[in-house]
Amino acid sequence: MAGPLQGLRVLDLSRVLAGPWSTQILADMGAEVIKIERPGSGDDTRLWGPPWFQAEDGSETRESAYYLAANRGKHSLTVDISQPEGQDLIREIANQSDILVENFKSGGLAKKGLDYATLSALNPGLIYCSITGFGHTGPMAEMAGYDYLIQAQGGLMSITGAADGEPGAGPKRVGVAVADLTTGMNATIAILGALYHRTQTGEGQHIDMALLDVQVSWLANQAQNYFCSGKPPARTGDYHPNLVPYQPFPTADGEQIIIAVGNNGQFQRFCEAIGHGELAHDIRFATNAERVKHRVELIELLVSVTKTRTLKEWTVLLNEIGVPCGPIQDIEQVFADPQVQARGMQVSLDSAHGPVQGVANPIKYSKTALEYHKAPPALGEDTATVLERVLKKPASEIEALKKKGVV
């Protein structure tokens, strides 16, 4: 394995997406990740299909696309943590781990003796990251949280979708589980910070990550718009609330082009390129602040111009003068995009069923390049090897645990 985290061990007690996303990033960065799953069923997302992965011979497996998206590079160990023997196994592995990630409901693991207080007493250097919907404090701490709910309660849906009065108006969720994904990313950031603290002090610590906290933090400039204006931002559909022009425009071939003008210089070059240099000197449009005020008038003028050329023609012209623009691509087009291919954003990993395609990690180090070494594991495929290698369990003891249904 390569990557900056090689030599570190992660005990992954998480499931679904936020926790597994974090631990997949850690695995990509070289850490050994031991994923604990329920015997017989495993991670909930194993059943979240169709679509299912198709084997090399064309047959359909029962490995869901959802599960495959967040679990590469891990070792699957099935353990029944409702049994005392299973809890003992988790404590043994935690005692030999650097990081633990879990997303049980607040207080759920304390009943099993697998909470931070218990495990840190055994392993003071353990970094223990808890991911919940609402955190371990506050009136909603005991409640389960799911991405859709968090997008709604955390304000994201209120600013996503067509504006009131437009066709299809109403709050919309984002097309991927962004609350889960960004929480997984922030959990990874928090873990890396805790690792640095441990190098200075030798101490581990508990990390309390909440989906709602992360979603609220992700409101970013829209939250600041509210703080500065005192008014909750409204849905603006395809256009930007603070920049104009910054939205899709129709073209002659029926496609749309995103034109994203970020400053007055770009706007001046854009106006010259489309043959309407006078717009850059019109008092209504000369500055971004005025363009925001007079967005409707400006966009009506620009739409009449963008319809005169094709998407490709506009893309070539505007790229030549440094005005950001681009097409709206579906996911098939994304992975056929020459730039995406040049950046190596699709990976293939061998599995028992044949090559598994996946989205690459976007991190690119100059010294510790990431290497992908293991496809998402089948349920429990590493149980015996992990127990033997990490805990030094003899084959007879592993067999006895299997007969009891502990593993």
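All values reported here derive from a predicted model rather than from experimental measurement.

**Notes on the nonpolar core**
Okay, step 1: Membership of the largest hydrophobic core comes to 28 residues, with the highest contact counts inside it found for Cys129, Ile131 and Ile191.
Okay, step 2: Contributions of two or more residues to this core are made by helix 1 (18–28), strand 6 (99–102), strand 7 (127–132), helix 6 (178–201), strand 8 (206–210) and helix 7 (211–217).
Okay, step 3: Examining the composition of this core, we find that five residues originate from one element, helix 6, more than from any other.
Okay, step 4: Among the nonpolar cores identified, the runner-up in size contains 26 residues, and Ile34, Phe104, Leu126 and Val390 belong to it.

**A short note on the pattern of salt bridges**
Okay, step 1: For the structure on display, the rule yields 19 salt bridges.
Okay, step 2: Residue Lys393 is joined to Glu92 by a salt bridge in which the shortest nitrogen-to-oxygen separation is 3.2 Å. Placement of Lys393 in the loop between helix 15 (383–389) and helix 16 (395–404) and of Glu92 in helix 3 (residues 84–94) is noted, with a sequence separation of 301 residues between them.
Okay, step 3: Residue Lys393 is classed as buried on the basis of its relative accessible area of 10%.
Okay, step 4: Residues Asp382 and Lys374 are paired through a salt bridge, measuring 3.1 Å at the closest nitrogen-oxygen approach. Here Asp382 matches Lys374 in class, with each residue buried.
Okay, step 5: The network of salt bridges with shared partners includes Arg9, Glu32 and Arg389.

**A few points about the domain arrangement of the chain**
Okay, step 1: The domain boundaries assigned to the chain delineate domain 1 (9–218 + 341–404) and domain 2 (246–329).
Okay, step 2: Placing a centre on the C-alpha atoms of domain 1 and another on those of domain 2 gives a separation of 43 Å.

**What to know about the layout of surface pockets**
Okay, step 1: Quantified by volume, the largest pocket comes out at close to 1,200 Å³.
Okay, step 2: Lining of the largest pocket is provided by 43 residues; of these, Trp21, Gln24, Ala69, Gly358 and Val359 occupy positions nearest its centre.
Okay, step 3: Sorting the residues of the lining of the largest pocket by element identifies helix 1, strand 3 (52–54), strand 4 (60–64), helix 2 (65–68), helix 6, helix 13 (331–336), strand 12 (346–349) and strand 13 (356–359) as the ones contributing at least two each.
Okay, step 4: Taken together, the residues of the lining of the largest pocket break down into 31 nonpolar, nine polar and three charged.
Okay, step 5: Taken as a whole, the second largest pocket encloses approximately 540 Å³ of empty space.
Okay, step 6: In terms of lining residues, the second largest pocket is bounded by 28 residues, among which Val16, Asn103, Gly145, Tyr146 and Asp180 are the most central.
Okay, step 7: The set of elements that each furnish at least two residues to the lining of the second largest pocket consists of strand 7 and helix 5 (147–153).

**Some remarks on unusual backbone geometry**
Okay, step 1: Cis geometry is adopted by the peptide bond preceding Pro50, which originates at Gly49 and carries an omega value of 0 degrees.
Okay, step 2: Tracing the backbone shows Pro50 in the loop between strand 2 (32–37) and strand 3.
Okay, step 3: Of the consecutive residues Val244 and Pro245, the connecting peptide bond is found in the cis state with omega at -5 degrees.
Okay, step 4: On the secondary structure map, Pro245 appears in the loop between helix 8 (220–229) and strand 9 (246–250).
Okay, step 5: Notably, Val16 is not glycine yet its phi reads approximately 70 degrees, a positive angle.
Okay, step 6: Within the secondary structure, Val16 sits in the loop between strand 1 (9–13) and helix 1.
Okay, step 7: Residue Ala220 is not a glycine yet carries a positive backbone phi of 45 degrees.
Okay, step 8: Counting through the fold element by element, Ala220 comes out in helix 8.

**What to know about the environment of Gly380**
Okay, step 1: Here Gly380 lies in the loop between strand 13 and helix 15.
Okay, step 2: Apart from residues no more than four positions distant in its own chain, Gly380 is found in contact with Ser76 and Thr78.

**Remarks on the sheet that holds strand 7**
Okay, step 1: In spatial order, the strands read 5-2-1-6-7-8; together these six strands make up an open sheet with parallel pairing. Lying at the two open borders of the sheet, with one neighbouring strand each, are strand 5 (74–78) and strand 8. Strand-to-strand, the axes of this sheet are offset by a mean angle of 20 degrees, without reference to chain direction.
Okay, step 2: Here strand 7 pairs with strand 8 via five bridges, running parallel. Paired with Tyr128 across the bridge in strand 8 is His206.

About the cut-offs
Residues numbered from 1 in each chain as written. Predicted model: local features only at pLDDT ≥ 70, side-chain atom pairs only at ≥ 80, totals over all residues. Heavy atoms only, no water. Core = buried A, V, L, I, M, F, W, Y, C linked by side-chain atoms within 4.5 Å. Buried < 20%, exposed > 50% of the residue type's maximum accessible area, 1.4 Å probe, protein only. Helix = DSSP H or I, 4+ residues; strand = E, 2+ residues; numbered from the N terminus. Salt bridge = Lys/Arg side-chain N within 4 Å of Asp/Glu carboxyl O. Domains from an automatic or database assignment. 1 Å grid on protein atoms, 1.4 Å probe; cavity = no way out; pocket = protein on both sides within 12 Å on 5 of 7 lines; lining within 4 Å. Points joined across faces, edges and corners; volume = space filled by probe spheres on them. Nonpolar A, V, L, I, M, F, W, Y, C, P; charged D, E, K, R; others polar. Contact = heavy atoms within 4.5 Å. Pairing = 2+ DSSP bridges. Axes fitted to C-alpha atoms, helices over the stretch in contact; angles between N-to-C directions.

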